[in-house]
Amino acid sequence: MEGIKIFSDSTCDLPIEEVNRMNIGIIPLTINFGEEVYKEGIDITTKEILETVKKTGELPKTASPSPAEFYAAFEPYVEKGDTIIYIGLSSKLSSTVANAMIAKNMFDNNENIHIIDSLNLCGAIGGLVRNTYNLLEEGNSVEDTIAEIEKVLHHYKLFFTMDKLDYLYKGGRCSGMQFILGSTFGVKPIIEMTTEGLNVWKKTRGKKKAIEMMLEEAERDKDRIYNDEIHVAAITGSEKELEGIKEQLTKRTGITKFHEYSVGCTIASHCGDGTVGFGYFLKEN
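Residues numbered from 1 in each chain as written. Predicted model: local features only at pLDDT ≥ 70, side-chain atom pairs only at ≥ 80, totals over all residues. Heavy atoms only, no water.

A. Structural detail: the overall build of the protein. Helix and strand counts for the protein stand at eleven helices and 13 strands. Since a compact globule built from 285 residues should have a radius of gyration of about 19 Å, the 19 Å found for the protein is in line with a globular shape. Considered along the principal axes of its C-alpha atoms, the protein spans approximately 60 × 50 × 30 Å. Going through the 285 residues of the protein one by one, you find that 51% of them count as buried. When the accessible area of the protein is evaluated, it comes to approximately 13,300 Å², of which 48% is carbon and sulfur surface. If you average the places of the 32 positive and of the 44 negative side-chain charges in the protein, the two averages end up 10 Å apart. (Helix = DSSP H or I, 4+ residues; strand = E, 2+ residues; numbered from the N terminus. Rg over C-alpha atoms; globule rule 2.2 N^0.38 Å. Buried < 20%, exposed > 50% of the residue type's maximum accessible area, 1.4 Å probe, protein only. Areas by Shrake-Rupley, 256 points an atom, 1.4 Å probe, with all protein chains shown as cover. Lys, Arg positive; Asp, Glu negative; His and termini not counted. Charge placed at Lys NZ, Arg CZ, Asp CG, Glu CD.)

Below, the structure written as structure tokens:
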């Protein structure tokens, strides 16, 4: 795969071992606590964010990498004449992809810089990065690889739920009434990521029931799951719960291939502790 460099941003949440194995360039988003500024995955961890929120009651703000940061990351490879493939956080959630595109247009010779909007987050981006690497390693052309990736990214299902609604409420992502219902009666939203952004898929009483509904959906999709693999993710502290989800997914779908992600700082800043979820690409009908 000489002459090709794959980039993503820190929201892909790929384990560092995989980032190193595939030699992926990671461009970090920024986490801001008041006047303090941190680079995701470099200056601050998810655990530290959760501890700070618990102590201060304030949520951090997140920011996309600037065009200048993308330019600096791309420049050495452009100068060598390499092909760049960048797969970034959904444009429905962030200006990250737009900033990458601005950086691309700052180069005179930019025909070998390919910017892909994942229309997704977390494990979906990680899955797209991994699939891109595998397709290129198998000898597929850059053009054919990008065509396949841009096809499958439109067919991804991602569901997650959380222990509390505090983060969604403080971040303005759920109303006061929803917060009261969740806190008082244990109403849990199941959030889905679609190509149009984040939506409430369903609501139910209790987290166990929410997870059960997610598992039932995976069981319905079992014959359509792309590459027979599922991406599972949890915020620090929910690992045991995630193991139970994996066991149930295997029991209900027959799938034993899982890619695990520890949810990073940006996503944790909006969801909070106790968040678990999973996702998978679907084969075309």
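Once you've had a look at it, read on.
B. How the structure looks around empty space enclosed by the protein. The final tally for this structure, using the stated rule, is one cavity of 30 Å³ or more. Lining of the largest cavity is provided by 17 residues; of these, Cys122, Leu158, Phe160, Ala233 and Val263 occupy positions nearest its centre. Top element by residues in the lining of the largest cavity is strand β13 (residues 276-281). It accounts for four residues. By residue class, the composition of the lining of the largest cavity is twelve nonpolar, five polar and no charged. (1 Å grid on protein atoms, 1.4 Å probe; cavity = no way out; pocket = protein on both sides within 12 Å on 5 of 7 lines; lining within 4 Å. Points joined across faces, edges and corners; volume = space filled by probe spheres on them. Nonpolar A, V, L, I, M, F, W, Y, C, P; charged D, E, K, R; others polar.)

C. Seen up close, the nonpolar core. Among the nonpolar cores identified, the biggest contains 42 residues, and Leu14, Ile85, Ile87, Ile116, Leu121, Leu128 and Val129 are the most heavily contacted of them. Non-local contacts of isoleucine 87, meaning those with residues more than four positions away in its chain, are made with Phe7, Ser8, Asp9, Ile116, Ser118, Ile125, Leu128, Val129 and Thr132. Residues Ala210, Ala218, Val232 and Ile255 belong to the second largest nonpolar core, which totals 22 residues. (Core = buried A, V, L, I, M, F, W, Y, C linked by side-chain atoms within 4.5 Å. Contact = heavy atoms within 4.5 Å.)

D. Inspection of the sheet that holds strand β3 (residues 30-33) at higher detail. Spatial ordering of the open sheet is given by β4-β3-β5, a layout of three strands whose pairing is antiparallel. Two strands close off the open sheet at either side, each with one partner strand: β4 (36-39) and β5 (61-63). Sheet twist, expressed as the mean angle between neighbouring strand axes with direction ignored, is 25°. Two elements, β3 and β4, share four bridges in a ladder whose sense is antiparallel. Following the sheet pairing, threonine 30 is matched in β4 by lysine 39. (Pairing = 2+ DSSP bridges. Axes fitted to C-alpha atoms, helices over the stretch in contact; angles between N-to-C directions.)

E. Molecular detail of helix α6 (residues 142-152). Taken together, the buried positions of α6 are Val142, Thr145, Ile146, Ile149 and Val152. Viewed along the axis of α6, the buried residues span an arc of 135°, placing them on a single side of the element. Relative to its buried face, α6 has exposed residues pointing more than 90 degrees away, namely Glu143 and Asp144. (Arc of directions from axis to C-beta.)

F. Local environment of the packing of helix α9 (residues 207-220) against helix α10 (residues 239-253). Running from amino to carboxyl end, α9 crosses α10 at an angle of 35°, the nearest separation of the two axes being 10 Å. As α9 packs across α10, the resulting crossing turns out to be right-handed. Together, Lys207, Ile211, Glu212, Leu215, Glu216, Ala218 and Glu219 of α9 and Glu241, Ile245, Gln248, Leu249, Arg252 and Thr253 of α10 make up the contact between the two elements. Across the contact of α9 with α10, the residue classes tally to five nonpolar, two polar and six charged. (Left-handed = near helix turned anticlockwise from the far one by under 90°.)

G. Up close: the pattern of salt bridges. Following the criterion strictly, the structure yields 15 salt bridges and no others. Residue arginine 130 pairs with glutamate 18 through a salt bridge whose shortest N-O separation is 3.0 Å. With arginine 130 in helix α5 (residues 123-137) and glutamate 18 in helix α1 (residues 16-22), this residue pair connects regions lying 112 residues apart in the sequence. A relative accessible area of 3% means that arginine 130 is categorised as buried. Here lysine 80 and aspartate 82 are joined by a salt bridge, their closest N and O atoms 3.5 Å apart. Given a relative accessible area of 58%, lysine 80 falls into the exposed group. Among the ionic contacts, a cluster of salt bridges with common partners joins Lys157, Glu217, Arg220 and Asp221. (Salt bridge = Lys/Arg side-chain N within 4 Å of Asp/Glu carboxyl O.)

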